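Topology and contacts: notes
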Amino acid sequence: MAYSFPDEVLEHVFSFIQTDKDRNTVSMVCKSWYEIERWCRRKIFVGNCYAVSPRMVIRRFPEVRSIELKGKPHFADFNLVPDGWGGYVLPWIAAMAGAYPWLEEIRLKRMVVTDESLELIAKSFKNFKVLVLSSCEGFSTDGLAAIAAGCKFLWWLFSDFGWLLPGKCGLLYALYVDSFLLIMLYRVNDDHVLQTFVYLGLEGIIFQAGAEDSDVFFFLTLIWNLRELDLRESEVDDLSGHWISHFPETYTSLVSLNISCLGSDEVSFSALERLVGRCPNLTTLRLNRAVPLDKIANILRRAPQLVEFGTGTYAAELRPDVFSNLAGAFSSCKELKSLSGFWDAVPAYLPAIYPVCSKLTSLNLSYATIQSPDLIKLVSHCPNLQRLLVLDYIEDSGLEALASSCKDLRELRVFPSDPFGAEPNASLTEQGLVAVSLGCPKLQSVLYFCHQMTNAALITIAQNRPNLTRFRLCIIVPRTPDYLTLEPLDVGFGAIVEHCKNLKRLSLSGLLTDRVFEYIGTYAKRLEMLSVAFAGDSDLGLHHVLSGCESLRKLEIRDCPFGDKALLANAAKLETMRSLWMSSCSVSYGACKLLGQKMPRLNVEVIDERGPPDSRPESCPVEKLYIYRSVAGPRFDMPPFVWMMDDEESALRLS
Amino acid sequence: MAKELETELRLGLPGGGTEKNEKKRVFSEISEDDENGKVSNNNNEKKMQSKSQVVGWPPVCSYRKKNSFNDSKASKMYVKVSMDGAPFLRKIDLAMHKGYSDLAAALEKMFGEALRDADNCEFVPIYEDKDGDWMLAGDVPWEMFIESCKRLRVMKRADAQGFGVLRSRETLNATSKNE
C-alpha cells in the first residue's frame with residue numbers, strides 16, 4: 001500500500017530546498033516528485049546559455065521568478081573569443097516575455113544584451129525587481145533609460161484560456177484612463193467557469209482583489225518595482241547621461257545601483273542626487289569615475305543608510321573644507337561595510353574614510369594608484385577586513401602589515417599596476433603572499449599577479465592554508481621557473497592541490513611540465529575549474545587532468561602542447577563537464593570532426609579566423625576549440641568564423 | 001583658385017548627388033569621402049594588444065585594462081553631439097569609428113527620426129575644435145579630426161552658410177597643413 005503526502009505538503013517541504021543541486025536531486029526521486037518540484041521551482045541557473053534552449057526550460061519549469069544565464073566562455077574576458085561569437089540574450093527574453101510575465105530577476109554574465117532586449121524586459125515583466133549585467137555588452141544608455149522608466153502601460157491580454165484550473169486567477173487587462181487605472185481580473189471558480197471583476201483605481205496604488213469568497217486573492221502592484229540595477233563591468237555605449245532621469249519621480253524602491261562601469265562620462269548628477277534622496281531603502285550605490293570627489297559628501301548625506309558605496313574619481317586639490325565635509329559625511333554612514341571606486345586616489349583624502357574603517361569588511365582599492373606606505377596606514381585601520389582588492393603597489397611590506405592587522409581576511413586579490421612592463425613595477429614578490437598565508441588563518445581565496453615564485457613558497461602557502469578554496473596565481477612572464485632553483489613549479493603547485501583538499505578553482509602559471517598535471521589528477525578531487533596557460537609537455541598532461549579530476553566542470557587551456565590523443569581518449573569525460581576551451585594548442589581538425597560525430601550530446605565548435613578549416617589539411621591544428629555539453633543541439637546563431645562539428649544525425653537532418 | 005576647386009570637388013560626391021535614391025544620404029559631404037578616413041583597425045582591443053607580446057596575456061580582464069593604467073586616454077573619445085531641432089544632446093565615441101563615412105552612418109542612426117522629419121533639408125556636421133573655432137567636418141584627415149574635435153553639431157545646411165563656417169579658408173589651411 002503506497003501512500004504519500006498531499007502535493008501541498010511536499011511543495012511546502014521543497015520550499016526549504018534552495019540550491020539547484022538539491023532541487024535536481026529531489027526531482028529525480030520519482031515521477032510525482034519531479035512533477036511537484038518542477039511546478040514550484042522559482043529559480044533557474046543556466047551556466048551555459050547554449051546548453052539548453054529557452055523553450056525547454058519554460059516547458060519544464062512553468063513558474064520561474066528568477067533566472068541566471070551565462071554566455072561566453074571565461075577567456076572572453078581576455079579577448080580570446082572574437083567579437084560576434086554569440087551569447088545573445090534576446091531569444092531568451094522574448095521567450096520568457098510570454099511564458100513568465102511575473103519574472104522578477106534576471107542575472108546575466110558575459111552575454112550580448114541589446115537595447116531591444118532591455119526594452120522588452122521593461123515592457124514584459126510587471127513585477128520586475130532585479131537586473132544584474134555582469135561583463136555584458138551590446139547595449140547603450142538608451143536601453144538603461146527604458147529600464148529606468150519601467151512599464152507605463154499595462155496592456156496585457158491573457159490569451160490562453162485552454163486550461164482552466166479552479167482557483168487560478170490573474171490579470172485580464174489593464175489600461176490607463178487619464179490618471180486612473182482600469183483593470184479587469186479573472187478567476188476560475190470551482191465549476192471551471194471564468195469570472196471577471198472590474199476595478200478602477202489610482203496609478204501607483206497596490207490593489208488587492210477580492211470577490212465574495214475570501215480565498216481568492218490577487219495582489220497586483222502597479223508601481224515600477226525595480227530594486228536592483230547592477231551593471232558590473234559591462235561595456236555600455238554611453239550616449240547620454242540623462243537616462244537616469246527616466247526613473248519616475250514616484251519611484252522610490254531602489255535598493256542597489258551599480259553604475260561604476262559607465263566610463264568617464266557624466267550621469268546627470270542632479271537626477272542621481274534626487275533619486276538617491278527619495279529611495280530610503282538604498283543600501284548599495286556604486287558611482288562611476290566621472291563623479292568628482294566634492295560631490296560625494298552630498299550623496300552620502302542623502303543616504304546615510306548605505307552599506308556598500310563606490311566612489312568616483314577620488315582626486316582633488318587638497319582643501320580643508322572639502323576634506324572635513326567628506327569626513328563628516330562618511331562618519332554619518334554608520335552601516336558602511338564595503339567601499340570601492342577610488343580611481344586615481346590622492347593619499348591626502350584617504351583619511352576621510354578612517355571613521356568607517358573599523359567596520360569595513362570589503363575594500364576595493366584596485367583602481368587606486370596609491371603607494372605602499374599609504375596603503376599600510378589604511379589597512380591598519382581595518383581590523384575587520386574580509387576582502388581586499390589592491391594593486392601590486394601594496395608590495396611585500398604592505399602585505400606583511402595586512403597579515404598582522406587583518407586576521408579575518410578571507411579573500412585577497414593583487415592586480416598588476418603595469419601588466420605589460422617587462423620589469424616588476426613594485427617590490428611585490430612571493431614573500432608577500434607567504435606572509436598573508438601565515439598571518440590570515442581564514443584566507444580562502446587568492447588571486448595574485450607577481451613576477452617571481454618558488455616551489456618553497458608554494459609549499460609553505462599550501463601547508464599554512466589547507467583551507468584554500470580558490471588559488472589563482474599569475475606569474476607575469478610565461479614559463480618562468482622557480483627563480484632560486486630554476487626548476488619547474490610542479491612540486492609547488494603539487495603541494496597546493498595535495499594540502500588544499502577543498503580546492504575548487506585553480507589557475508596555473510610559470511614553468512610547468514606534465515608532472516604538475518599528474519599531481520592535479522591525483523589530488524585535486526574537488527577541483528571544479530582549472531585554467532592552464534603555457535604549460536605541459538605532451539598529451540599526458542591533459543590526460544591526467546581529464547581522467548583524474550572527478551569534480552571538474554570547466555577546463556580552459558591556452559598555448560599548451562596538447563593534441564588529439566588525450567582528448568579523444570577522454571571524450572566521455574567531456575559530457576560530465578560544462579565546457580572545455582582550448583586555444584593555440586595542437587588539436588587537429590580531424591579530431592574535432594571525429595569528436596563532433598561520435599558525441600551527439602556535445603557541441604564541438606571550431607573557432608578559426610583563418611577561414612574554413614576544410615580548406616586546410618585535416619591534420620592541421622585548429623586555432624580555438626570550444627566544447628560544451630548541450631541538450632539543445634547545435635546552435636544556429638554562429639558567426640562566419642565558427643564551425644560546428646555536427647554529429648551524424650544532425651548532419652543527415654540538415655541535408 | 002585651382003586648389004579651391006580641387007578641394008570643392010573632393011568634398012562633394014563624385015556622382016554629384018544621391019545615387020541611392022531609396023535611402024537618402026543625409027551627410028553627403030562626408031559620407032562618401034573615405035580618403036581621409038583610413039584607419040586600419042578601429043578595434044581598441046587590437047590597439048592594446050599590440051602593446052603586449054601575447055594576446056590576452058597576462059590575464060587582466062579587458063574591463064580592468066580599459067579603466068585603469070594609462071590606457072584611459074586611448075580608449076574613449078566621447079564628444080557631445082547636438083542636432084538643430086532635436087531636443088536631446090547625445091554623445092559619440094569618436095575612437096570607435098573608422099572614418100568619416102562610419103561617423104556619418106552613426107550620426108544617421110542616432111538622429112534618424114529627427115533627420116527624416118525635417119522636411120528633406122540637408123544637414124552638415126560641424127565641429128568645434130581645440131581652438132574654439134567651428135569647422136566643417138570632413139576637411140582634415142580623420143586622425144587629425146578626432147584629436148581636435150571637442151564637440152559636434154548637426155546643422156541645417158541653410159543655417160551653416162550663415163553661421164560663418166568659412167569653409168574655403170579652412171580647407172586651404174588644412175590642405176597646406178597636409179603638405
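Nothing here was measured: the structure is a model prediction, and the numbers come from that model.

Topic: the overall build of chain A
- Helices and strands together make up the secondary structure of chain A, namely 22 helices and 28 strands.
- The 655 residues of chain A split such that 56% are buried.
- Here chain A displays about 27300 Å² of accessible surface, and carbon together with sulfur accounts for 54% of that area.

A few points about the overall build of chain B
- The helix and strand tally for chain B stands at ten helices and five strands.
- Nonlocal contacts in chain B, meaning residues at least 24 apart in sequence, comprise 62% of its contacts between residues at least 6 apart.
- A total of about 9600 Å² of accessible surface is found on chain B, and carbon and sulfur atoms cover 49% of it.

Quick notes on the confidence of the model for chain B
- The predicted model of chain B averages 64 in pLDDT, with 48% of residues at 70 or higher.
- Two numbers describe this predicted complex: its pTM, 0.78, and its ipTM, 0.82.

Observations concerning the interface of chain B and chain A
- Residue-level contacts link 27 residues of chain B with 35 residues of chain A.
- Taken as a group, B:Trp57, B:Tyr63 and B:Arg64 account for 26% of the area that chain B buries against chain A, more than any other trio of residues on that side.
- Our count for the chain B to chain A interface comes out at zero salt bridges.
- Connecting chain B to chain A are five residue pairs in polar contact (both at pLDDT 80 or more).
- At six residues, the largest contribution of residues to the side of chain B that touches chain A is made by helix 4 (residues 62–67) of chain B.
- Taken together, the residues of the side of chain B that touches chain A sort by class into twelve nonpolar, eight polar and seven charged.

Describing the side chain of A:Glu411
Residues and elements named next belong to chain A.
- Secondary-structure assignment places Glu-411 in strand 19 (residues 411–415).
- For Glu-411, a relative accessible area of 15% gives the class buried.
- In terms of polar contacts, Glu-411 uses its side chain to reach the side chain of Arg-413, at 2.7 Å.
- Leaving out residues up to four positions away in the same chain, Glu-411 has contacts with Gln-386, Arg-387, Leu-388, Leu-443 and Ser-445.

Side note on the UniProt feature "domain: F-box" (unreviewed entry) in chain A
- Sequence positions flagged by UniProt for "domain: F-box" (unreviewed entry) are, in local numbering, residues 5–46 of chain A.
- Helix and strand shares over residues 5–46 of chain A are 62% and 10% respectively, and the end C-alpha atoms of the span are 31 Å apart.

Re the pattern of salt bridges
Residues and elements named next belong to chain A.
- Throughout the structure, instances matching the rule amount to 30 salt bridges over all chains.
- A salt bridge links Glu-528 to Arg-553; the nearest nitrogen and oxygen atoms lie 2.6 Å apart. Of the two residues, Glu-528 is situated in the loop between helix 17 (514–523) and strand 23 (529–533) and Arg-553 in the loop between helix 18 (539–548) and strand 24 (554–558); the sequence distance between them amounts to 25 residues.
- Judged by relative accessible area, Glu-528 falls into the partly exposed class, the value being 25%.
- Residue classification places Arg-553 among the partly exposed residues on the basis of a relative accessible area of 31%.
- The partner of Lys-593 in a salt bridge is Glu-618, and the shortest N-O contact between them spans 2.4 Å. Here Lys-593 is found in helix 21 (residues 589–598), whereas its partner Glu-618 is found in the loop between strand 26 (602–607) and strand 27 (624–629), with 25 residues between them in sequence.
- Of the residues examined, Glu-618 reaches a relative accessible area of 42% and is grouped as partly exposed.
- Sharing partners across several salt bridges, the network here consists of Asp-20, Arg-23, Glu-37 and Arg-41.

Let's talk about the pairing of strand 3 (residues 105–109) of chain A
Residues and elements named next belong to chain A.
- Note: strand 2 (residues 66–70) against strand 3, five bridges, orientation parallel. Looking at strand 3, one finds that Lys-70 is bridged to Lys-109.
- Since strand 2 and strand 3 lie parallel, the crossover through helix 5 (residues 90–99) that links them has a hand, and here it is right-handed.
- Where strand 3 lies against strand 4 (residues 130–134), five bridges are found, and the strand directions are parallel. Residue Glu-105 lies in a different strand from strand 4, and its bridge partner there is Val-130.
- With helix 6 (residues 115–124) bridging strand 3 and the parallel strand 4, this β-α-β connection has right-handed handedness.

Some details on a nonpolar patch on the surface
Residue and element names in this part refer to chain A.
- Side chains of Phe-5, Val-9 and Val-13 sit close together on the surface and give an oily, nonpolar patch of about 260 Å² of accessible area.
- Structurally, Phe-5 is set in the segment before helix 1 (7–14).
- A relative accessible area of 54% places Phe-5 in the exposed class.

With respect to unusual backbone geometry
- Residue B:Pro58 follows B:Trp57 across a cis peptide bond; omega there is -5 degrees.
- Summarising the element assignment, B:Pro58 is placed in the loop between helix 3 (44–49) and helix 4.
- Unlike most non-glycine residues, A:Glu395 shows phi in positive territory, near 60 degrees.
- With respect to the secondary-structure elements, A:Glu395 resides in helix 13 (residues 395–405).
- Unusually for a residue other than glycine, A:Phe534 sits at a positive phi of about 50 degrees.
- In this structure A:Phe534 comes out as buried when scored by relative accessible area, which is 8%.

Some thoughts on the nonpolar core
- Grouped together as the largest cluster of nonpolar side chains are 198 residues, with contacts concentrated most on A:Trp243, A:Phe309, A:Tyr314, A:Phe330, A:Leu388, A:Phe471 and A:Ile520.
- Domain assignment of the residues forming this core places at least three in each of domain 1 (7–125) and domain 3 (582–654) of chain A.
- Setting aside anything within four residues of it in sequence, one finds A:Trp243 in contact with A:Thr141, A:Leu144, A:Ala145, A:Ala148, A:Leu229, A:Ile259, A:Leu262 and A:Val267.
- In terms of nonpolar packing, the next biggest core, distinct from the first, is built from 24 residues, B:Val79, B:Met83, B:Ala106 and B:Phe145 among them.

Observations concerning the packing of helix 16 (residues 490–499) of chain A against helix 17 of chain A
Residue and element names in this part refer to chain A.
- One can describe the packing of helix 16 onto helix 17 by two numbers: an axis separation of 8 Å at closest approach and a directional angle of 5 degrees. On the basis of the axis angle, helix 16 is roughly parallel to helix 17. Here Asp-490, Val-491, Phe-493, Gly-494, Val-497 and Glu-498 of helix 16 come into contact with helix 17, specifically with Arg-515, Val-516, Tyr-519, Ile-520 and Tyr-523.
- Its residues assigned to classes, the contact of helix 16 with helix 17 comprises seven nonpolar, one polar and three charged.

A closer look at the sheet that holds strand 4 (residues 134–136) of chain B
Residues and elements named next belong to chain B.
- Taken in spatial order, the five strands line up as 2-1-5-3-4 in an open sheet, and their pairing is mixed. Edge positions in the sheet fall to strand 2 (90–93) and strand 4, since each has one partner strand and no second. Going across the sheet, the axis of each strand differs from the next one's by a mean of 35 degrees, ignoring polarity.
- Here four bridges tie strand 1 (residues 78–83) to strand 5 (residues 151–156), and the two strands are oriented parallel to one another. Residue pairing for strand 5: Lys-80 is matched across the bridge by Arg-151.
- Taken strand by strand, helix 6 (residues 100–110) contacts strand 1, strand 2, strand 3 (123–128) and strand 5, and its axis lies near 155 degrees from that of strand 2.

Some thoughts on helix 6 of chain B
- Most of helix 6 of chain B sits inside the fold, with eight of its eleven residues counted as buried.
- Residues of helix 6 of chain B that are buried: B:Tyr100, B:Ser101, B:Leu103, B:Ala104, B:Ala106, B:Leu107, B:Glu108 and B:Met110.

Focus: helix 2 (residues 20–27) of chain A
All names here are of chain A.
- Along helix 2, the residues that are buried comprise Arg-23, Val-26 and Ser-27. The arc enclosing the buried residues of helix 2, seen along the axis, measures out at 95 degrees, which places them on a common side.
- On its buried face, helix 2 sits against helix 1, helix 3 (31–40) and helix 4 (54–60).

What counts, and where the lines are drawn
For every chain, the first residue of its written sequence is number 1, and the numbers climb from 1 along that sequence. Chains and ligands are labelled by the order in which they are written, letters from A for the one and numbers from 1 for the other. Totals for whole chains, interfaces and linings use all residues, but because this is a predicted model, local features are given only for residues with pLDDT of at least 70 and pairs of side-chain atoms are given and counted only at 80 or more. Note that the side-chain values use all heavy atoms of the structure and ignore hydrogens as well as water. In this description a helix means any DSSP run of H or I spanning at least four residues, a strand means any run of E spanning at least two, and both kinds are numbered starting from the N terminus. Exposed residues in this analysis have more than 50% of their type's maximum accessible area, buried residues have under 20%, and partly exposed residues fall in between, with area computed by a 1.4 Å probe over protein chains only. Note that accessible areas follow from Shrake-Rupley with a 1.4 Å probe, and for residues the cover is restricted to the protein chains shown. Only heavy atoms matter for contacts: two residues are in contact if any of them lie within 4.5 Å across the pair. Residue-level confidence of the predictor is summarised by pLDDT, bounded by 0 at the bottom and 100 at the top. The term buried area denotes the loss of accessible surface (1.4 Å probe radius) that occurs when two parts are joined, taken as the sum for both partners. Throughout this description, the term salt bridge denotes a Lys or Arg side-chain nitrogen within 4 Å of a carboxyl oxygen of Asp or Glu. In protein, a polar contact requires one atom able to donate a hydrogen and another able to accept it; more generally it is a pair of N or O atoms within 3.5 Å, and residues adjacent in sequence count only if both atoms are side-chain atoms. Gly is put with the polar residues, along with every residue not named as nonpolar or charged; the nonpolar set is Ala, Val, Leu, Ile, Met, Phe, Trp, Tyr, Cys and Pro, and the charged set is Asp, Glu, Lys and Arg. UniProt positions are given in the numbering used here, feature names are shortened, and annotations may be inferred rather than shown by experiment. The pairing criterion for strands is at least two bridges between them, as found by DSSP. If you view a crossover with the strands going away from you and the path from the first strand over the helix to the second runs clockwise, you call it right-handed. A residue counts toward a patch only above 30% relative accessible area and without a salt bridge, and it is joined to like-charged neighbours within 9 Å or, for Val, Leu, Ile, Met, Phe, Trp and Tyr, to nonpolar neighbours within 5 Å. Note on terminology: a nonpolar core comprises buried Ala, Val, Leu, Ile, Met, Phe, Trp, Tyr and Cys residues joined through side-chain atoms within 4.5 Å. The split of the chain into domains comes from an automatic or database domain assignment. Note on geometry: axes are lines fitted to C-alpha atoms, helical ones only across the stretch in contact, with angles between N-to-C directions running from 0 to 180 degrees. Convention used here: angles under 35 degrees read as roughly parallel, angles over 145 as roughly antiparallel, angles from 65 to 115 as roughly perpendicular, and any remaining angle as oblique. By construction, the arc corresponds to the directions joining the helix axis to the C-beta atoms.

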